[in-house]
Every structure is written in C-alpha cells, then in structure tokens.
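Coordinates in review
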Amino acid sequence: MTYTAPLADMRFALREVAGLERVAALPGYEHATDDTVDAVLEEAAKLAGNGLAPLNRDGDKVGAKLENGIVRTAPGFAGIYKEFVDGGWNSLPFDLSSAARACRGCWPPHVQEMWQAATWASGWCCS
C-alpha cells in the first residue's frame, strides 16, 4: 500500500482556517512558524508514507499474536515503533520544548491523521 499525505490541504487548513499566523503572535507560541510547521508535517508524512503504510499488508495478513504471554507483532511493526519513539513522535502532544508547545493544539491532529491513514492499526499505537 502507498500513502501520500495531503500536505497542501493540511497547510491550507492551518494557515487559512486555523490562522497559524495569529497563533504565532500569541505569547509563548512564537515558534509556531510556517517553517516549523512545514518541517514537522513533512517528517510526519515521510514516516507515514515510507514507514507505516508499507506495513499494512503484513499487519492484515499476519497480525499480532499472543505467545506465552508476549505479544508478537507483524514483521516491521517493532522496528517502526522504535523509529517512532527514537524520533520523539510519542511526545509530540506533551513535549514542553518551545517548538512543540507552540503548536500543541495545531499540528498533532494533522500528524495523527497521517498515521491513521497510513496504517490504522499502528495509528492507534502511534498517537
């Protein structure tokens, strides 16, 4: 399966509908810039399209299994989850760094949408 995130639509929603420029003008949200948002969206799209989406087939065909009290995931899921955690994605909604905090309410829904669309099963774990 392939997946390409609708980045242009997401950027439009953030800039024109949500008013990202107005958000960036608020105290404590100065880091909610176009460049920062674009970088986060682009990296999340890479993870979704190149990492998560290709796992769909094995996820559906092989699935997860409980063996001797241990959950065994389909091939690739453990690796992509490690990549997800190593990239700091698991802390995106909670990160207290200035850049992540600046748009905590803006970009996580778009990032989660990408991961859910790329592979619904891992989207539940990666959001």
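Please read these numbers as outputs of a predicted model, since none were measured by experiment.

A short note on the nonpolar core
Residues Tyr3, Leu7, Leu41, Trp89, Val111, Met114 and Trp115 are the most contacted members of the largest nonpolar core, which totals 28 residues. Taken together, the elements giving at least two residues each to this core come down to helix H1 (7-17), helix H2 (20-24), helix H3 (34-52), helix H5 (77-86) and helix H7 (108-118). The element contributing the most residues to this core is H3, with eight residues.

What about the pattern of salt bridges?
Throughout the structure, instances matching the rule amount to seven salt bridges. Asp34 is the partner of Arg15 in a salt bridge, and the nearest nitrogen-oxygen pair spans 2.8 Å. Separated by 19 residues along the polypeptide, Arg15 in helix H1 and Asp34 in helix H3 bring together distant segments of the chain. Owing to a relative accessible area of 23%, Arg15 belongs among the partly exposed residues under this scheme. One connected set of salt bridges, linked through shared partners, spans Arg11, Arg15, Asp34, Asp38 and Glu42.

Concerning the packing of H3 against H5
Running from N to C, H3 and H5 cross one another at 165°; their axes reach a closest spacing of 11 Å. Our classification of the angle between H3 and H5 gives roughly antiparallel. Taken as a pair, H3 and H5 cross one another with a handedness that is right-handed. Residues Leu47, Gly51 and Leu52 of H3 form the contact with H5, whose own contacting residues are Ile80, Glu83 and Phe84. When its residues are assigned to classes, the contact of H3 with H5 shows four nonpolar, one polar and one charged.

Conventions adopted
- Residue indices begin from 1 for each chain and proceed along its sequence in written order.
- Local features in this predicted model are restricted to residues whose pLDDT is 70 or higher, and side-chain atom pairs enter the listing and the counts only when it is 80 or higher, whereas totals over whole chains, interfaces and linings include all residues.
- Heavy atoms throughout the structure, all of them, feed into the side-chain values; hydrogens and water do not.
- Nonpolar cores are built from buried Ala, Val, Leu, Ile, Met, Phe, Trp, Tyr and Cys residues. Side-chain atoms within 4.5 Å join them into one set.
- Relative accessibility thresholds used throughout: buried, under 20% of the residue-type maximum; exposed, over 50%; partly exposed, between the two (1.4 Å probe, protein chains only).
- We count a stretch as a helix when DSSP gives it H or I for four or more residues in a row; a strand needs E for two or more, and each element gets its number in order from the N terminus.
- When a carboxyl oxygen of Asp or Glu is within 4 Å of a side-chain nitrogen of Lys or Arg, the pair counts as a salt bridge.
- Here an axis means a line fitted to C-alpha atoms, over the contact stretch when the element is a helix, while the angle between two N-to-C directions is reported on a 0 to 180 degree scale.
- An angle counts as roughly parallel when it lies under 35 degrees, as roughly antiparallel when it exceeds 145, as roughly perpendicular when it falls between 65 and 115, and as oblique in every other case.
- Should the near helix be turned anticlockwise from the far one by less than a right angle, the crossing is left-handed, and should it be turned clockwise, the crossing is right-handed.
- Every residue pair with non-hydrogen atoms within 4.5 Å of one another is taken to be in contact.
- Each residue gets one label: Ala, Val, Leu, Ile, Met, Phe, Trp, Tyr, Cys and Pro are nonpolar, Asp, Glu, Lys and Arg are charged, and the others, such as Gly, are polar.

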